[in-house]
Amino acid sequence: MRLRAQSFVRSYHENCCPFSSVPVLVIGQFALVAGVPVLIALVGALRRVPDRAVRRAAALSAVTFAVPLTVWLVRPDGAPSLSKDMHPGFLALIVAASAVLLVALHRARRTVA
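Here we summarise the structure given alongside this text. (Residues numbered from 1 in each chain as written. Predicted model: local features only at pLDDT ≥ 70, side-chain atom pairs only at ≥ 80, totals over all residues. Heavy atoms only, no water.)

**What to know about the nonpolar core**
- Core analysis: the biggest nonpolar cluster contains 22 residues, and V54 and L101 have the highest contact counts within it.
- Listing elements by their share of this core, those giving two or more residues are α3 (22–27), α4 (35–48), α5 (52–74) and α7 (88–112).
- Of the residues forming this core, the biggest block, six residues, is contributed by α5. (Core = buried A, V, L, I, M, F, W, Y, C linked by side-chain atoms within 4.5 Å. Buried < 20%, exposed > 50% of the residue type's maximum accessible area, 1.4 Å probe, protein only. Helix = DSSP H or I, 4+ residues; strand = E, 2+ residues; numbered from the N terminus.)

**What to know about the packing of α4 against α5**
- Between α4 and α5, the shortest axis-to-axis distance is 9 Å and the interhelical angle comes to 150 degrees. Taken together, α4 and α5 sit at an angle that is classed as roughly antiparallel. Remark: the crossing between α4 and α5 carries left-handed chirality. Taken together, the residues of α5 that come into contact with α4 (itself represented by G35, V38, A41, L42, A45 and L46) are V54, R55, A58, A59, S61, A62 and F65.
- Here the residues of the contact of α4 with α5 sort into 10 nonpolar, two polar and one charged. (Axes fitted to C-alpha atoms, helices over the stretch in contact; angles between N-to-C directions. Parallel < 35°, antiparallel > 145°, perpendicular 65-115°, else oblique. Left-handed = near helix turned anticlockwise from the far one by under 90°. Contact = heavy atoms within 4.5 Å. Nonpolar A, V, L, I, M, F, W, Y, C, P; charged D, E, K, R; others polar.)

**As for the environment of P37**
- Within the secondary structure, P37 sits in helix α4.
- Through-space distance from the C-alpha of P37 to that of A62 is 9.8 Å; in sequence the pair is 25 residues apart.

**A word on α4**
- A rise of 1.5 Å per residue sets the reference length of α4, with its 14 residues, at 20 Å; its end C-alpha atoms lie 20 Å apart and thus fit the reference within 8%.
- Those residues of α4 that sit buried are G35, P37, V38, A41, L42, G44 and A45. (Expected span 1.5 Å × (residues − 1).)

**Re the side chain of D85**
- Here D85 is to be found in helix α6 (residues 82–85).
- With relative accessibility at 16%, the residue D85 sits in the buried group.
- Apart from the residues lying within four places of it in its own chain, the contact partners of D85 are W72, R75, G78 and A79.

**Regarding unusual backbone geometry**
- The backbone of Q29 shows a phi angle near 70 degrees, a positive value even though the residue is not glycine.
- Structurally, Q29 is set in the loop between α3 and α4.

**Concerning the side chain of S83**
- Looking at the secondary structure, you find S83 in helix α6.
- Here A31 takes part through its backbone nitrogen, which lies 3.0 Å from a polar atom of the side chain of S83.
- Beyond its immediate stretch of four places on either side in the chain, S83 contacts Q29, F30 and A31. (Polar contact = N/O pair within 3.5 Å; in protein donor to acceptor, adjacent residues only side chain to side chain.)

**Focus: α5**
- Taking 1.5 Å as the rise per residue, α5 with 23 residues should run 33 Å; its terminal C-alpha atoms sit 32 Å apart, in good agreement.
- Buried within α5 are the following residues: V54, A57, A58, S61, A62, T64, F65, P68 and W72.

**A look at the environment of S61**
- Mapping S61 onto the fold places it in helix α5.
- Judged by relative accessible area, S61 falls into the buried class, the value being 3%.
- Along the backbone, S61 and V100 are 39 residues apart, and their C-alpha atoms lie at a distance of 8.4 Å.
- Polar contacts involving the side chain of S61 include one to the main-chain carbonyl oxygen of A58, which spans 2.8 Å.

Right under this line is the structure:
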């Protein structure tokens with residue numbers, strides 16, 4: 001079981017490039033599309049990564065993305081796109097949470113290797 005977890009953390013870290021696109025997508029005004037890598041990172045971390053720090057960082061990134069998405073969907077007078085409706089503070093939080101997850105993945109890989 002330990003070998004399987006180690007190989008998954010290694011392969012998950014090598015394939016985390018889609019998640020590293022989240023800050024670029026959010027800053028580039030494609031915030032709704034950024035939900036796909038956030039969801040992939042959350043499901044992958046919760047199902048496969050044994051490191052609790054990675055799981056918490058993935059949950060943090062999902063929550064920071066879900067809050068502005070929920071506000072945009074619930075508000076009746078919202079902007080036509082999530083990117084235009086999102087407060088710059090949420091943008092900074094999403095970018096910071098993405099960085100925390102990438103650092104946690106890097107740290108988990110270094111402890112496994």
